[in-house]
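Here is what each chain is made of, one letter per residue.
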Amino acid sequence: MSVSIAEPDPRRGAWYLRGPWIAILSVIGFLLVWFVAAHIAQSRLLPGPVEVIAYIYEEALHGDLLFQLGITLWRVVAAFVVAMVIGSVVGLIMGEMPAVNRVLDPWLIVLLNLPALVIIILAYVWFGLNEAAAIGAVALNKIPNVIVTLREGARSLDPGLDEMARAYRLSPWSKFRNVVLPQLQPYFATASRTGLSLIWKIVLVVELLGRPNGVGFELHLNFQLFNVTAILGYTLAFVAIMLAIEYLLVQPLERHSTRWRNRPV
Amino acid sequence: MNDTQHAGATAQFKIRIDEKTHIGADSTRLTAIRNLSLELKPESMTVLMGPSGCGKTTLLRTVAGLDDQYTGEIDMPPSARLGFMFQEPRLLPWRTVRQNIELVCAPGFSEQDLQTLAEAVGVDDMLQRYPQELSLGLARRAALARAFSTEPDLLLLDEPFVSLDERTADRLRSLLLDVWSARPTTAVMVTHNPREAILLADQLVLMAPRPTHVLAVETIDIPQGQRDAKMVEALHNDLAERFPENFAGL
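The shown structure was predicted, so the numbers you read here are calculated from the model rather than taken from an experiment. (Residues numbered from 1 in each chain as written. Chains lettered and ligands numbered in written order. Predicted model: local features only at pLDDT ≥ 70, side-chain atom pairs only at ≥ 80, totals over all residues.)

Draft legend 1. Broad picture of the overall build of chain A. When helices and strands are counted, chain A shows 10 helices and zero strands. Taken against the 2.2 N^0.38 rule, which gives 18 Å for 265 residues, the C-alpha radius of gyration of chain A at 23 Å runs more than 25% over that of a compact globule. Its C-alpha atoms give chain A principal-axis dimensions of about 70 × 70 × 40 Å. Scored against the burial criterion, the 265 residues of chain A give a buried share of 29%. Taking all contacts inside chain A whose residues are at least 6 apart in sequence as the whole, residues at least 24 apart take part in 71%. (Helix = DSSP H or I, 4+ residues; strand = E, 2+ residues; numbered from the N terminus. Rg over C-alpha atoms; globule rule 2.2 N^0.38 Å. Buried ≥ 20, exposed ≤ 12 C-beta atoms within 10 Å, placed from the backbone. Contact = placed C-beta atoms within 7 Å.)

Have a look at this one:
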């Protein structure tokens, strides 16, 4: 007996397969498990979702949650921009020029394997407990990943399209914008995806070790107070921001820049 | 003020390549061209025919300035505009057909010119499409439109009709002739299809195997529009008799 299983097309399937329903259901499921676990534990060390959300609401209205989130977000954005710009430039140069690649490759491997904590501590020791050292240390942790990704992108550039651009005498700027950049787009997308999540985790460590504000500082403070509700509250609030950036900024941008793809003949 | 722009339309193109050697990644040397010299008549179609891998594509790339690692001289106006049709369409997949053309077209190329050209090659309905939505035949048409949109002084065609079925290839050949006759351009085409060569060439250049050079130049005086199947067959048999090496097995 042979059974053929047709892969259902998600766009044409039942209503619950379309849209965000499954994702929403999955989140509700998670909250339910959390709620039940907290109810059973009945401990100050595992507050339920209702208490945590109430804490977020209260702190946002009367505390300085929004201020702390804003500070951390600014550090994430600053480190992200610095890492993407420097990493992209170096990565593209290394991908295009084998000689430069041979010189810088050992540095890259060292940097890739240097623990984030080491970079942060050294940055604070050498440059002081200031904003520039904090952001620089975070960026330096991310730069090697961006370099590796964009170097791969530069290596995968289509030589056929390069010849086309040269035969038609495109100006360097026009060639970059119309021929090179669209080919690098998926690599930029990958680098920024993994970048944002990595960077915000490192920013918290930087704040914990040497900044007087931000989510990391608050986590440290509340750890000393054993205030798990606050710890979960701050974490949840910032995760929500990162999710919003992913769904409202990164994904629509990506859909826009890849709209030429996946159109059947 | 723009008289240099079309200097190539009447200028002679002289190609002399003493030696062109590829150096492989493992530093093996492969001489593709040796002692080749060729003069292109203005506003005529020169077709290069030779065995596969003899260095025809290398020659086109060198003429286009894509490869300057050779000894010799290519005499052409520095401001000459090029149109290049590659073996694959090489359209930018992230740009629509219209954007692909507008990216390279000549400075004075107007919307009207674009419409006329698109209609002539039959892609006027496809201007808003992305290349991936087109069949290979249609993509080739778009690439042909792009090559002509630069109002080239020199048009280079690298086996532009390979891997198409014979009917589509035939349609595209007559299309090329139509567009080309409307705006006579000095053109060089590479092919290993002898009937295609005889159908399109003013000057038929037979090339030697690698390292390649010019074996013979045959001038075909009958205007392309008047060549029918019988005539092509007769010319083909005549050439096959005189150059059995080049026509063996074709």
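Draft legend 2. Structural view of the sheet that holds strand 1 (residues 13-23) of chain B. Residue and element names in this part refer to chain B. Strands sit in the order 2-1-4 across an open sheet of three strands; the sheet is antiparallel. In the strand order of this sheet, the two ends are held by strand 2 (29-40) and strand 4 (71-75), each with one partner. Direction aside, the axes of adjacent strands within the sheet are offset by 20 degrees on average. Across 10 bridges, the pairing between strand 1 and strand 2 is antiparallel. (Pairing = 2+ DSSP bridges. Axes fitted to C-alpha atoms, helices over the stretch in contact; angles between N-to-C directions.)

Draft legend 3. The arrangement of the interface of chain A and chain B in detail. Facing 14 residues of chain A, the contacting portion of chain B comprises 18 residues. For the side of chain A that touches chain B, the elements supplying multiple residues, two or more each, are helix 7 (159-167) and helix 8 (172-210) of chain A.

Draft legend 4. Structural context of the nonpolar core. By size, the foremost hydrophobic cluster in this structure holds 72 residues, and its most contacted members are B:V47, B:F84, B:A142, B:A145, B:L156 and B:L204. When residues of this core are assigned to their parent elements, the largest contribution, eight residues, is made by helix 5 (residues 136-149) of chain B. Of the residues that make up this core, three or more belong to each of domain 1 (1-81 + 155-250) and domain 2 (93-151) of chain B. Setting aside anything within four residues of it in sequence, one finds B:F84 in contact with A:A167, A:Y168, B:A64, B:A147 and B:L156. (Core = buried A, V, L, I, M, F, W, Y, C linked by C-beta atoms within 7 Å. Domains from an automatic or database assignment.)

Draft legend 5. The arrangement of the packing of helix 6 (residues 131-155) of chain A against helix 8 of chain A in detail. Residues and elements named next belong to chain A. Remark: helix 6 packs on helix 8, axes separated minimally by 9 Å, with the N-to-C direction vectors making an angle of 160 degrees. When the interaxial angle is binned, helix 6 and helix 8 end up roughly antiparallel. In this structure, helix 6 meets helix 8 at a crossing whose hand is right-handed. For the pair helix 6 and helix 8, the contacting residues are A134, A137, V138, N141, K142, N145, V146, T149, L150, E152 and G153 in the first and L184, Y187, T190, A191, T194, G195, L198, I199, I202, V203, V206 and G210 in the second. (Parallel < 35°, antiparallel > 145°, perpendicular 65-115°, else oblique. Left-handed = near helix turned anticlockwise from the far one by under 90°.)

Draft legend 6. Broad picture of the confidence of the model for chain B. Residue and element names in this part refer to chain B. When pLDDT is averaged along chain B, the result is 86; 94% of the residues meet or exceed 70. No element of chain B has a lower mean pLDDT than helix 1 (residues 7-10), at 46, and none a higher one than helix 3 (residues 97-104), at 94. A low-confidence stretch, residues 1-9 stays under pLDDT 50, and its non-local contacts, those more than four residues away or across chains, total 14 contacts. Two summary scores accompany this predicted model of the complex, namely pTM at 0.77 and ipTM at 0.85. (pLDDT = per-residue confidence, 0-100.)

Draft legend 7. Just the domain arrangement of chain B, in detail. All names here are of chain B. Taken domain by domain, chain B consists of domain 1 (1-81 + 155-250) and domain 2 (93-151). In terms of residues, the side of domain 1 that touches domain 2 owes the most to one element, helix 6 (residues 166-182), which gives six residues. A class-by-class count of the residues in the side of domain 1 that touches domain 2 yields seven nonpolar, one polar and two charged. (Nonpolar A, V, L, I, M, F, W, Y, C, P; charged D, E, K, R; others polar.)

Draft legend 8. Focus on the sheet that holds strand 7 (residues 186-191) of chain B. Residue and element names in this part refer to chain B. Spatially, six strands are ordered 5-6-7-3-8-9 in an open sheet, and the strand pairing comes out mixed. Of all the strands in the sheet, the pair left with one neighbour each is strand 5 (82-85) and strand 9 (214-219). For this sheet, the mean angle separating the axes of adjacent strands, direction not counted, is 15 degrees. Here helix 5 sits on the sheet and contacts strand 5 and strand 6 (154-158); the angle it forms with strand 5, its principal contact strand, is near 165 degrees.

Draft legend 9. The environment of B:G53, seen in detail. For B:G53, the position within the fold is in the loop between strand 3 (45-49) and helix 2 (56-63). Sequence-wise, B:G53 and B:R210 are 157 residues apart; in three dimensions their C-alpha atoms are separated by 7.4 Å.

Draft legend 10. Local environment of the pairing of strand 7 of chain B. Residue and element names in this part refer to chain B. The element strand 7 is largely enclosed, with a buried count of six among its six residues. Taking every second residue as pointing to the same face, both faces of strand 7 are buried, with T186, V188 and V190 on one and A187, M189 and T191 on the other. As defined by bridge partners, strand 3 adjoins strand 7 across five bridges and the pair is classed as parallel. Directly across from L48, in strand 7, lies its bridge partner V190. Bridge analysis of strand 6 against strand 7 gives five bridges, and the strand direction is parallel. Bridge pairing in strand 7 places L154 opposite T186. In this fold, the crossover linking strand 6 to strand 7 by way of helix 6 has right-handed handedness. (Right-handed = clockwise from strand over helix to strand, strands pointing away.)

Draft legend 11. Spatial organisation of the confidence of the model for chain A. Counting all residues, the mean pLDDT for chain A is 89, and 92% of those residues have values of 70 or more. No element of chain A has a lower mean pLDDT than helix 10 (residues 228-257) of chain A, at 88, and none a higher one than helix 6 of chain A, at 95.

Draft legend 12. View of helix 10 of chain A. Residue and element names in this part refer to chain A. Helix length check: helix 10 (30 residues) gives 42 Å between terminal C-alpha atoms against 44 Å at 1.5 Å per residue, within 8%. Regarding helix 10, the residues found buried are A230, I231, L232, G233, Y234, A237 and F238. Contacts made by the buried residues of helix 10 are with helix 2 (49-62), helix 3 (65-96), helix 8 and helix 9 (215-224). (Expected span 1.5 Å × (residues − 1).)

Draft legend 13. Highlighting the pairing of strand 9 of chain B. Residues and elements named next belong to chain B. Relative to strand 9, strand 8 (residues 203-207) runs antiparallel, the two sharing five bridges. When the bridges of strand 9 are listed, L204 appears paired with E218. Connecting strand 8 to the antiparallel partner strand 9 that follows it, the hairpin turn spans six residues.

Draft legend 14. The arrangement of unusual backbone geometry in detail. Cis peptide bonds are those with omega within 30 degrees of zero, and the linkage from B:R210 to B:P211 qualifies with -10 degrees. Unlike most non-glycine residues, A:R169 shows phi in positive territory, near 55 degrees. In this fold, A:R169 is placed in the loop between helix 7 and helix 8. Phi angles above zero are rare outside glycine, and B:E159 is one such case at about 40 degrees. Of note, B:E159 is situated in the loop between strand 6 and helix 6.

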